[in-house]
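The lines below spell out each chain.
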Amino acid sequence: EAEVAQSPRYKITEKSQAVAFWCDPISGHATLYWYRQILGQGPELLVQFQDESVVDDSQLPKDRFSAERLKGVDSTLKIQPAELGDSAMYLCASSLGQTKETQYFGPGTRLLVL
Amino acid sequence: SQQGEEDPQALSIQEGENATMNCSYKTSINNLQWYRQNSGRGLVHLILIRSNEREKHSGRLRVTLDTSKKSSSLLITASRAADTASYFCARRGGYQKVTFGIGTKLQVIP
């Protein structure tokens, strides 16, 4: 069964350093989502792509976060510089399209900023 | 920010009992979905109910939706230890925006 791949699974970094997360969605899925999930809370949408275009990044802290999906397939989420409050699980999900409601989630990247 | 609430935030039951979780929201929705998350893992889609539907079933899961009260409930019948997880409702509203709640943490005691 096709799955969403994410790497790394775990990342420990010091504040002010740069970190990057990678996501490979299920083949053929046009919509890709990045979520941040703080411990004990639900996922919060950071950015949503339709193919290579950003359709929603209203909750993305653009002063330090950036996301790209250059060829409309895999995607990278970057944080520079990382802050202590960025410690969280970063989840990637994909769906067939914006109107295809079911999202398939990857295992996530757990980030710890020291 | 996250809209709405799940209730209760934590639930502990004995294996074989039924578990009921509730989700409330504030703005109109196109559909509402329930997801399960095992500890430290990604989310798994369980069931979707559209705004014009009132009830849906999938195996041991039963979801209801009351748009007049802006609430939904997830019932897991004959619970198993493997059902231990966090359960989230996700509302899809305008512009296809999906919003997750804070979740209900379910523990099923063998």
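In case you missed it, the structure is sitting above this.
Cut-offs applied
Residues numbered from 1 in each chain as written. Chains lettered and ligands numbered in written order. Predicted model: local features only at pLDDT ≥ 70, side-chain atom pairs only at ≥ 80, totals over all residues. Heavy atoms only, no water. Helix = DSSP H or I, 4+ residues; strand = E, 2+ residues; numbered from the N terminus. Buried < 20%, exposed > 50% of the residue type's maximum accessible area, 1.4 Å probe, protein only. Contact = heavy atoms within 4.5 Å. Areas by Shrake-Rupley, 256 points an atom, 1.4 Å probe, with all protein chains shown as cover. Lys, Arg positive; Asp, Glu negative; His and termini not counted. Charge placed at Lys NZ, Arg CZ, Asp CG, Glu CD. Polar contact = N/O pair within 3.5 Å; in protein donor to acceptor, adjacent residues only side chain to side chain. Buried area = accessible area lost by both parts, 1.4 Å probe. Salt bridge = Lys/Arg side-chain N within 4 Å of Asp/Glu carboxyl O. Patch = residues over 30% accessible without salt bridge, like charges linked within 9 Å, V, L, I, M, F, W, Y side chains within 5 Å. Pairing = 2+ DSSP bridges. Phe/Tyr/Trp six-rings, centres within 6.5 Å; stacked < 30°, edge-to-face > 60°.

### Details of the overall build of chain A
What chain A contains, in helices and strands, is zero helices and eleven strands. Going from the N terminus to the C terminus, chain A shows its helices and strands as β-β-β-β-β-β-β-β-β-β-β. In terms of overall dimensions, chain A has a C-alpha envelope of 40 × 30 × 25 Å along the principal axes. The buried share of chain A, taken over its 114 residues, is 48%. In chain A, 54% of the contacts between residues at least 6 apart in sequence involve partners at least 24 apart. When the accessible surface of chain A is summed, it comes to about 5600 Å², and 49% of that surface belongs to carbon and sulfur atoms. Taken together, the 11 basic and 15 acidic charged side chains of chain A have centroids lying 5 Å from each other.

### Description of the side chain of Ser75 of chain A
Residue and element names in this part refer to chain A. With respect to the element layout, Ser75 can be found in strand β8 (residues 75-79). You can call Ser75 buried: its relative accessible area is 2%. For Ser75, the side chain forms a polar contact with the side chain of Trp34, separated by 2.9 Å. Excluding residues within four positions of it along the chain, Ser75 makes contact with Phe21, Trp22, Cys23, Leu32, Trp34, Phe49, Glu68 and Arg69.

### Description of the interface of chain A and chain B
Listed by partner, the interface residues are 26 residues for chain A and 21 residues for chain B. Area buried by chain A at its contact with chain B is led by Pro43, Glu101 and Phe105 of chain A, which between them contribute 30% of it. Where chain A touches chain B, the interface holds zero salt bridges. Connecting chain A to chain B are two residue pairs in polar contact (both at pLDDT 80 or more). Put simply, the parts of the chain that give the side of chain A that touches chain B at least two residues each are β4 (31-37), β5 (44-50) and β9 (88-95) of chain A.

### What to know about a nonpolar patch on the surface
Residue and element names in this part refer to chain A. Together, Ile12, Leu112 and Leu114 make up an exposed nonpolar region whose accessible area comes to about 300 Å². As for its placement among the helices and strands, Leu114 is situated in the segment after β11 (109-113). Judged by its relative accessible area of 53%, Leu114 is exposed.

### Focus: the pairing of strand β9 (residues 85-92) of chain B
Residue and element names in this part refer to chain B. Extensive coverage of β9 is indicated by the burial of eight of its eight residues. Burial along β9 is two-sided: the residues Ala85, Tyr87, Cys89 and Arg91 and Ser86, Phe88, Ala90 and Arg92 are all buried. Where strand β4 (residues 31-37) meets β9, seven bridges bridge the pair, whose relative direction is antiparallel. Within the sheet, the bridge partner assigned to Asn31 lies in β9 and is Arg92. Across three bridges, β9 lies against strand β11 (residues 104-109) in antiparallel orientation. Bridge pairing in β11 links Ser86 to Lys105.

### Observations regarding the packing of aromatic side chains
If you walk through the whole model with that rule in mind, you get seven aromatic pairs over all chains. Both rings, one in Tyr35 of chain A and one in Phe100 of chain B, keep their centres 5.4 Å apart while their planes meet at 90°; by these two values the pair is edge-to-face. Of this pair, Tyr35 of chain A sits in strand β4 while Phe100 of chain B sits in strand β10 (residues 98-100), placing the two residues on different chains. For the pair Tyr35 of chain A and Phe100 of chain B, a shared accessibility class is recorded, and that class is buried. A centroid spacing of 6.1 Å and a plane angle of 80° characterise the contact between Phe105 of chain A and Phe100 of chain B, whose relative ring orientation is edge-to-face. Here Phe105 of chain A, found in strand β10 (residues 104-105), pairs with Phe100 of chain B, found in strand β10, and the two come from separate chains. Residue classification places Phe105 of chain A among the buried residues on the basis of a relative accessible area of 11%. Classification of Phe100 of chain B as buried rests on a relative accessible area of 0%.

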